[in-house]
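# Coordinates in review
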Amino acid sequence: MLYLNSCLFVNINQGLNQVTLLGRVGTEPQLRGSEERPVVIFTLATNLQYRNKKEGMDDIFQKTEWHRISIFKPHLRELVQSYLKKGSVI
């Protein structure tokens, strides 16, 4: 809840954002955190290709974005550690 000056309460968690990423694993998944709250962390590279049509040239460029992925669910953590390797497509 957020308290505004006009004595109005606004619920910040009104919706859920969902993102689907397709890319390659950049680093080996690592188990971090404590025994009570373990987390598996790895990076994911996604690519965007675009064409630049300028002055008669038709160049294709590629932009790579890196995402840091954190896995908290126990069953999913085990799957990620078992099957994902650096360079895997997910």
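Here we summarise the structure given alongside this text. (Residues numbered from 1 in each chain as written. Predicted model: local features only at pLDDT ≥ 70, side-chain atom pairs only at ≥ 80, totals over all residues. Heavy atoms only, no water.)

## A look at the packing of aromatic side chains
Applying the stated criterion to the full structure yields 1 aromatic pair. Judged by centre distance (5.6 Å) and plane angle (25 degrees), the rings of Tyr-50 and Phe-61 are stacked. With Tyr-50 in strand β5 (residues 38-54) and Phe-61 in strand β6 (residues 57-71), this residue pair connects regions lying 11 residues apart in the sequence. Judged by its relative accessible area of 42%, Tyr-50 falls in the partly exposed class. (Phe/Tyr/Trp six-rings, centres within 6.5 Å; stacked < 30°, edge-to-face > 60°. Helix = DSSP H or I, 4+ residues; strand = E, 2+ residues; numbered from the N terminus. Buried < 20%, exposed > 50% of the residue type's maximum accessible area, 1.4 Å probe, protein only.)

## Focus on the side chain of Ser-88
Residue placement: Ser-88 occurs in the segment after α1 (74-83). There is a polar contact of 2.9 Å between the side chain of Ser-88 and the backbone oxygen of Lys-85. With residues near it in sequence (within four places) discarded, Ser-88 still touches Gly-23, Arg-24, Val-25 and Tyr-83. (Polar contact = N/O pair within 3.5 Å; in protein donor to acceptor, adjacent residues only side chain to side chain. Contact = heavy atoms within 4.5 Å.)

The values reported here are purely geometric and, on their own, carry no functional implication.
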